[in-house]
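# Observations on chain architecture
The chain contents come next:
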Amino acid sequence: MTPTRRLPLARTVGLPLLLSLTALASHAQSTPATAPAAAAAPSPAKKELIQRVLKLQQGGIERLATAMTEEPALLLADRASEIIAAKVPKDRQETVAKEVQSELQKYLKDTVPLVRRSAQQLAPATIGAVLESKFNEDELREIVAMLESPAYGKYQQLSGEMQQSLQAKLVSDTRATVEPRVQALEKTLGERLTAATSAAAATPAKPAAKPATK
């Protein structure tokens, strides 16, 4: 194992279509409403459509919760890898890296289910509320039809593959441009930090002020 590499964790995924509905709703605010939405309770048909949308996007809600839970673990994994490479003796690096990885996996195993459950519980009062106030029944039927479309389901299944393909090609095409800039930035930041710490160390501490005498 190479300690400087990110410790392997579950891959985060792109945000689902459902998360864009709030953006659509914000645009809908600029359209004059024909009647105050909050004045009347939604019809049973509209409630049923909202529940169908939430159920169809349950996987997307869970993936969002997982990604949010993984993010701090990924940051800690990167930091741990740097510390292992810099400060742990080489003959201990692999062992320590495995121990860190085990703790990170334990965190994910314990925490991801909790956040997923919370996301599902909050969805009706958050996403569902937007659907209720900003979309009428006909629009909700269109959303349900799209989400239930086999073509859209296939698109969702292949979205990860498409993103990976783009990412691989983007890295290949921009490496020659980006890497020198990253190296130059790292050098510049290192020089600035070194100069700042050296200046601070060379500056003599000010003597403590003498107490005033009466």
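Before any of the text, the structure's been laid out above.
Attention here is on the structure that accompanies the text.

## Examining helix α2 (residues 44–56)
Look at α2: 18 Å from first C-alpha to last across 13 residues, which is about the 18 Å you get at 1.5 Å a residue. Within α2, burial applies to K46, L49, I50, V53 and L54. For α2, the arc enclosing every buried residue in end-on projection is 135°, short of the 170-degree limit, so these residues lie on one face. Those residues of α2 that are exposed and aimed more than 90 degrees away from the buried face are P44 and K55.

## Some words on helix α5 (residues 137–148)
When the terminal C-alpha atoms of α5 are compared, their 16 Å separation across 12 residues agrees well with the 16 Å that a helix rising 1.5 Å per residue should span. Capping of α5 at its N-terminal end is provided by N136; its side-chain oxygen lies 3.1 Å from the backbone amide nitrogen of D138.

## Points about the pattern of salt bridges
This structure, assessed with the given rule, holds eight salt bridges. One salt bridge in this structure joins R52 and E48, with 3.9 Å as the shortest N-O distance. Of this pair, R52 and E48 both sit in helix α2, four residues apart, which is roughly one turn of that helix. Assessed through its relative accessible area of 29%, R52 is described here as partly exposed. Here K98 makes a salt bridge to E94, at a shortest N to O gap of 3.5 Å. Of the two residues, K98 and E94 are both situated in helix α4 (residues 90–134); the distance of four residues between them amounts to about one turn of the helix.

Conventions we followed
Residues numbered from 1 in each chain as written. Predicted model: local features only at pLDDT ≥ 70, side-chain atom pairs only at ≥ 80, totals over all residues. Heavy atoms only, no water. Helix = DSSP H or I, 4+ residues; strand = E, 2+ residues; numbered from the N terminus. Expected span 1.5 Å × (residues − 1). Buried < 20%, exposed > 50% of the residue type's maximum accessible area, 1.4 Å probe, protein only. Arc of directions from axis to C-beta. Polar contact = N/O pair within 3.5 Å; in protein donor to acceptor, adjacent residues only side chain to side chain. Salt bridge = Lys/Arg side-chain N within 4 Å of Asp/Glu carboxyl O.

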